[in-house]
Protein chains: 2
Amino acid sequence: MTRDSKTPAPGGSPRLLTPSRRTFLKRSAAVGGMTMLAGAGVGEAMAAGDDNLPPNVPEWMKTLGSSVTAHPYGMPSQYEKNVIRRNVGWLTATEESSINFTPIHELDGIITPNGVCFERHHGGAPDIDPDQHRLMIHGLVDRPLIFTMSDLMRFPSVSRIHFIECPANGGMEWKGAQMDGVQFSHGMVHCCEWTGVKLSTLLAEVGLQKSAKWLLAEGADAAAMTRSIPLDKALDDVIVCYSQNGERIRVENGYPLRLLVPGWEGNVNVKWLRRIKVGDQPWHHREETSKYTDLMPNGIARQFTFVQEANSVITSPCPEKPMKFGKGFYEIRGLAWSGHGRIKKVDISTDGGNNWHTADLQTPVLSRALTRFRFPLQWDGRPMLLQSRAMDESGYVQPTIEALRAVRGLNSIYHKNSIHTWRVKPDGEVENVQIA
Amino acid sequence: MTRDSKTPAPGGSPRLLTPSRRTFLKRSAAVGGMTMLAGAGVGEAMAAGDDNLPPNVPEWMKTLGSSVTAHPYGMPSQYEKNVIRRNVGWLTATEESSINFTPIHELDGIITPNGVCFERHHGGAPDIDPDQHRLMIHGLVDRPLIFTMSDLMRFPSVSRIHFIECPANGGMEWKGAQMDGVQFSHGMVHCCEWTGVKLSTLLAEVGLQKSAKWLLAEGADAAAMTRSIPLDKALDDVIVCYSQNGERIRVENGYPLRLLVPGWEGNVNVKWLRRIKVGDQPWHHREETSKYTDLMPNGIARQFTFVQEANSVITSPCPEKPMKFGKGFYEIRGLAWSGHGRIKKVDISTDGGNNWHTADLQTPVLSRALTRFRFPLQWDGRPMLLQSRAMDESGYVQPTIEALRAVRGLNSIYHKNSIHTWRVKPDGEVENVQIA
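Residues numbered from 1 in each chain as written. Chains lettered and ligands numbered in written order. Predicted model: local features only at pLDDT ≥ 70, side-chain atom pairs only at ≥ 80, totals over all residues. Heavy atoms only, no water.

The name given to chain A in an unreviewed UniProt entry is Sulfite dehydrogenase, with the source organism recorded as Ferrovibrio xuzhouensis. Under the UniProt heading Cofactor (unreviewed entry), the note attached to chain A is "Mo-molybdopterin". (UniProt positions renumbered as here; feature names shortened; annotations may be inferred.)

Caption draft 1: The packing of aromatic side chains, seen in detail. Residue and element names in this part refer to chain A. According to the stated counting rule, one finds 16 aromatic pairs over all chains in the structure shown. Between the aromatic rings of W214 and F304, the centroid separation amounts to 5.0 Å while the plane-to-plane angle is 50°, which identifies the pairing as tilted. Of the two residues, W214 sits in strand 8 (residues 214–219) while F304 sits in the loop between strand 15 (301–302) and strand 16 (311–316), which places them 90 residues apart along the sequence. A residue is classified by how much of its surface remains accessible, and W214, at 15% relative accessible area, is buried. On the basis of relative accessible area, F304 is assigned to the buried category, the value being 18%. (Phe/Tyr/Trp six-rings, centres within 6.5 Å; stacked < 30°, edge-to-face > 60°. Helix = DSSP H or I, 4+ residues; strand = E, 2+ residues; numbered from the N terminus. Buried < 20%, exposed > 50% of the residue type's maximum accessible area, 1.4 Å probe, protein only.)

Caption draft 2: The relation of the copies chain A and chain B, seen in detail. Superposition of chain A onto chain B requires a rotation of 180° combined with a translation of 0.0 Å along the rotation axis, giving an RMSD of 0.0 Å. With respect to symmetry, the two chain copies, as superposed, fit the operation of a two-fold axis. When C-alpha positions in chain A are compared against the rotation axis, the closest is assigned to P113(A), at 3.7 Å. A share of 100% of interface residues in chain A that are also interface residues in chain B marks the association as one of identical surfaces. (Least-squares fit on C-alpha atoms with pLDDT ≥ 70 in both. Contact = heavy atoms within 4.5 Å.)

Caption draft 3: Inspection of the side chain of E287(A) at higher detail. Residue and element names in this part refer to chain A. Counting through the fold element by element, E287 comes out in the loop between strand 13 (273–279) and strand 14 (294–295). Given a relative accessible area of 7%, E287 falls into the buried group. Reaching out from E287, the side chain makes a polar contact with the side chain of R286 at a distance of 2.6 Å. Apart from the residues lying within four places of it in its own chain, the contact partners of E287 are H122, M225, T226, R227, N267 and Y292. (Polar contact = N/O pair within 3.5 Å; in protein donor to acceptor, adjacent residues only side chain to side chain.)

Caption draft 4: Region of interest: the environment of A390(B). All names here are of chain B. Relative to the helices and strands, A390 is located in strand 22 (residues 384–392). Along the backbone, A390 and S312 are 78 residues apart, and their C-alpha atoms lie at a distance of 5.8 Å. In this structure A390 touches A310, N311, S312, A336, I343, K345, V346, Y396, V397 and Q398, once residues within four positions along its chain are discounted.

Caption draft 5: Region of interest: the pattern of salt bridges. Evaluated as defined, the whole model comprises 42 salt bridges over all chains. Note that D347(A) and R389(A) form a salt bridge whose closest N and O atoms lie 2.9 Å from each other. Of this pair, D347(A) sits in strand 18 (residues 343–349) while R389(A) is found in strand 22 (residues 384–392), placing the two residues 42 residues apart along the sequence. Exposure remark for D347(A): the relative accessible area of 6% places this residue in the buried category. The partner of R333(B) in a salt bridge is E331(B), and the shortest N-O contact between them spans 2.7 Å. Comparing R333(B) with E331(B), the two get one shared label, buried. (Salt bridge = Lys/Arg side-chain N within 4 Å of Asp/Glu carboxyl O.)

Caption draft 6: A look at the interface of chain A and chain B. Contacts between the two partners involve 131 residues from chain A, matched on the other side by 131 residues from chain B. For the chain A and chain B pair, buried surface summed over both sides reaches about 11,400 Å², with 58% attributable to carbon and sulfur atoms. For the pair chain A and chain B, the number of links is 4 salt bridges. The salt bridge partner of R248(B) is D108(A), with a shortest N-O separation of 2.7 Å. (Buried area = accessible area lost by both parts, 1.4 Å probe.)

Caption draft 7: Region of interest: the side chain of H162(B). Residues and elements named next belong to chain B. Among the secondary structure elements, H162 is positioned in strand 6 (residues 157–165). Using a relative accessible area of 8% as the deciding quantity, one classes H162 as buried. Polar contacts involving the side chain of H162 include one to the main-chain carbonyl oxygen of R368, which spans 3.1 Å. When neighbours within four sequence positions are excluded, H162 is seen to be in contact with H190, C191, C192, W194, L260, P262, S367, R368 and A369.

Caption draft 8: Focus on the sheet that holds strand 22 of chain A. Residues and elements named next belong to chain A. Strand order across the open sheet formed by 5 strands is 19-18-22-23-24, with antiparallel pairing between neighbours. One side of each edge strand has no neighbouring strand; the edge strands of this open sheet are strand 19 (357–358) and strand 24 (430–433). Both strand 18 and strand 22 contribute to a ladder of 6 bridges, which runs antiparallel. Residue pairing in the sheet places V346 in a bridge with A390 of strand 22. (Pairing = 2+ DSSP bridges.)

Here's what the structure looks like:
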């Protein structure tokens, strides 16, 4: 069955159709929750009656609202107080070396607002005075330099929209655990417009010596978090960032300075960046030996597996957002991303991967950025196994969990990017399941 | 002189050059504030000494930072507390029918964070319960309908990055007043990723009658703000939005529902949208007769001048961001936008418009979105008259203030999009000036 078919799918699976204006109108009118008015008698004047519905006047139209001086820096409506980052208490020993999750089930488009970008700390988020902050670049360089924030912000800058994903995103499910909702199964990801100085510009400033091959990036947090980064990536597209979605980086995302290593695992996008040492080999520090490596079935760990390969997930419906309107039209919505470049295609299945249909991609599709996909579904009320499958411009196709385990075994925590399944029940409830 | 020339400009004007790696390195090393380290002796181990500089250990590395449960919805660093919206007390009679301004001098890239998007209210910002909010579409339609928020969010949705600009942006300067800084001269603009339902989708749902030609959009604020919108625009690219930069629209920007009328003056992007009436002619309500019209020299007012034509401004330097490092390298940064489509070109002048040089545009350049431009400048410390000039894909070129006044006289408040001038003094201070 193709996306463009308007005939019901065989075998009793849900009907999928393109919502041409005519068919969408017809079907949604049949199933929607819209209230049909009395018709031509509805005039422009306000009438008495139910205060909750136009044309009547709700309470908030009868008094002045808040003034332009009320909130010099604004916050969401009080009715959105549940759209927040959440953590999982049992996941880590302390809340300072822990993680919380982006509420991706509540978000639209591709930009993640700064207030809810997931946090991952190894010693808590430091409250750094930017006037006191410095970046030192040293090691195998001709002119080791220390930069103030003012120095750095004078350099030619660039802005790019990129995702950052913790490589442990979904990792709790590697062996079969089922997180309670998409915020926890896939919420270690965000996508922002980052602004800063290309690292290649700063490395030209200090002058690389011929033997230079690797960098060590160090954060100014209590963990002094360090990661080794190969020089070719550093010279390609790495940015030393000072802004996130227009404003200065948030404290929990690295204020006042962080590395942005496009498409690579979150951990190497070192926050609170204070030092870059240039060397001729990797350092093999803690976060690239005992952590952030993938233990294979043969007992050998894959190391420096930097790239976050193509991944996707349906964010509506999901366990937090059931299909509560019964049979009828739903727009399936979700996110896809790849550390290798642009998302080329996202397919949707309603039957656990037996049949696939192409989703629409929100444009512009940007390299190494979240990509919003949407797919029109006419639900007949029968159970579904909803899946999304991303393909990137390199040709890489998001694998099944079986395919991933066949290669990497059952020891891994990091880099679980397999096709995810939501079971939709006849009452519209959505369960997180793994299917064989 | 071309952009690529590396020779000093004639006549003593500032030297402009392309910062090829070699020349930028040489020149910035000569003038930058960077601290040269002792050289090869700097090791990886932390040494005692000045606690403010690496490789020493700052205070915030000695204690745990904040945990992942500390801020479920995050806010900017305490050190960014001055990056806020500001209003001008004398501008309006009350703070409920007033405006505040985006701090564009503090922002980077093209996305405006929701917390600092300018506000313009006519009766204050109402605190609307989304469960009680309704949108009614009626008038010359086959099936007048009332939609709940849940109804609306089920429809096929789109996300687009667009600017919204108040047509009074800069209007205080029409007759020659000089606002104190770029926040006040150009800060009635923001740019967000908006998500919602195309208005054409909803109009298909209610069924337009043949005589339909105009819409009236009404807000659920105390002013019951209304504007007439021609049907062809409504069917083209207008979006009924529920999300802004990923999360639900902020209260002050129309929560839970607003119109997004890409490229058109902010006032028609009706906030707190509660009603759309379809008619066969415009309504000539208050905000399109006594306000938001342009009184011409002959005493006749231009009405329904919807499009925000091409505009641009340099945001660094500006009065709030002087050139405080003395002679040397600066990246000139600014914003350009056009309600007619994409920005095609931005030129920079340092001599009040006698000579022009092409700036770099941040990609992707999006239609009817803010576009960030950057230009490398080697300043010789002499006075400058800095200007930017935008051209859009329609071929329209941002005019001088003289050209604008020659056509529209001196009575206008709205649609002042003329080339703006900053006077840079030898001490680096920047003044807002108008030059003949």
